[in-house]
Amino acid sequence: MEKGLMVVVSGPAGSGKGTVNGHLLKRDDFVYSVSATTRAPRPQEIDGVNYHFISREDFLSRIASGDMLEYTEYCGNFYGTPLKEAIEVLESGKNLILEIEVEGAHNVKAKYPDAILIMLLPPSFAVQEQRLRGRGTETEEKVLARLERTKEELSVVKDYDYVVYNHDGKDIEAAEEILAILKAERASIRRNPSVKENYFA
Ligand code: 5GP
């Protein structure tokens, strides 16, 4: 059976990555990679669905036993992608979506060069700013911090394979664009090194 694709979707605050990934995850050929984290659950978050919420001690021992495909420390908490679960999904032929930040994405690519790295962006910085302020859920200080972080995130965009813009009200189109990217990737000669052997078999 053909293996699934490992798909990393990163994006700054306001890119709408949760919504766009949500469209992909409605399909039965996509599975969300549930990360482990040491941060406390937020209201509405469910253990095993949004994250595996584990202790710092547990996290460190899982790193030591090689159980993490990648991990990072972000704002004082650890976040990591469980390796075993990732392998199981790919082996089952389903595509795995990793919604992780840029450092994690870089580490995934280093360990797993076949991974496809997609940067999802609002159409412009001005629109991103409008979206974050429009939410009205965060203090001015937090909005500014998130906008500032976008500069760091985009300074490593060269690590990524594709950029997809999520225009206002066009999140379904953004998800369709990701599907088109994956279709092209599956057809790439790079992923099909045995074309000749298979053809004449
Ligand atoms: P939050 O605490 O807001 O849920 O997540 C903070 C950041 O950590 C987000 O950018 C999120 O994409 C990222 N993140 C979540 N899980 C992982 C993971 O397993 N590995 C890495 N490297 N980043 C993650």
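What this report covers is the structure whose coordinates are included nearby. Residue numbering note: each chain is counted from 1, following its sequence as written. pLDDT decides what is reported in this predicted model: residues at 70 or higher carry local features, side-chain atom pairs at 80 or more are listed and counted, and totals for whole chains, interfaces and linings draw on all residues regardless. Side-chain metrics rest on all non-hydrogen atoms present in the structure, leaving aside hydrogens and water.

**With respect to the packing of helix α5 (residues 125-135) against helix α6 (residues 140-155)**
Definition in use: Axis geometry follows a simple rule: fit a line to the C-alpha atoms, using only the stretch in contact for helices, then measure angles between N-to-C directions, giving values from 0 to 180 degrees. Each helix corresponds to a stretch of at least 4 residues labelled H or I by DSSP, and each strand to a stretch of at least 2 residues labelled E; elements are numbered beginning at the N terminus. Note on angle classes: values under 35 degrees are labelled roughly parallel, values over 145 roughly antiparallel, values of 65 to 115 roughly perpendicular, and the remainder oblique. With the far helix as reference, a near helix turned anticlockwise by less than a right angle produces a left-handed crossing, and one turned clockwise produces a right-handed crossing. It only takes one pair of heavy atoms within 4.5 Å for two residues to be counted as in contact. Residues are grouped as follows: nonpolar covers Ala, Val, Leu, Ile, Met, Phe, Trp, Tyr, Cys and Pro; charged covers Asp, Glu, Lys and Arg; every other residue, Gly included, is treated as polar.
Contact geometry for α5 and α6: axes closest at 10 Å, N-to-C directions at 150°. If you check the angle between α5 and α6, you find them roughly antiparallel. As α5 packs across α6, the resulting crossing turns out to be right-handed. Taken together, the residues of α6 that come into contact with α5 (itself represented by F125, Q128, E129, L132 and R133) are E140, V143, L144, R146, L147 and T150. For the contact of α5 with α6, the per-class residue count stands at five nonpolar, two polar and four charged.

**Examining the pairing of strand β5 (residues 68-74)**
Let me state the cut-off plainly: Pairing between two strands requires that DSSP report at least two bridges joining them.
Pairing of β5 with strand β6 (residues 77-82), which is carried by six bridges, proceeds in the antiparallel orientation. Note that in β6 the partner of M68 across the bridge is P82.

**Let's talk about the packing of helix α1 (residues 17-25) against helix α7 (residues 171-187)**
Here α1 crosses α7 at 60°, and the two axes come no closer than 9 Å. It follows from the interaxial angle that α1 and α7 lie oblique. Note that α1 runs across α7; the crossing there is right-handed. On the side of α1, the interface is formed by T19, V20, H23 and L24, while α7 contributes D171, I172, A174, A175, I178 and L179.

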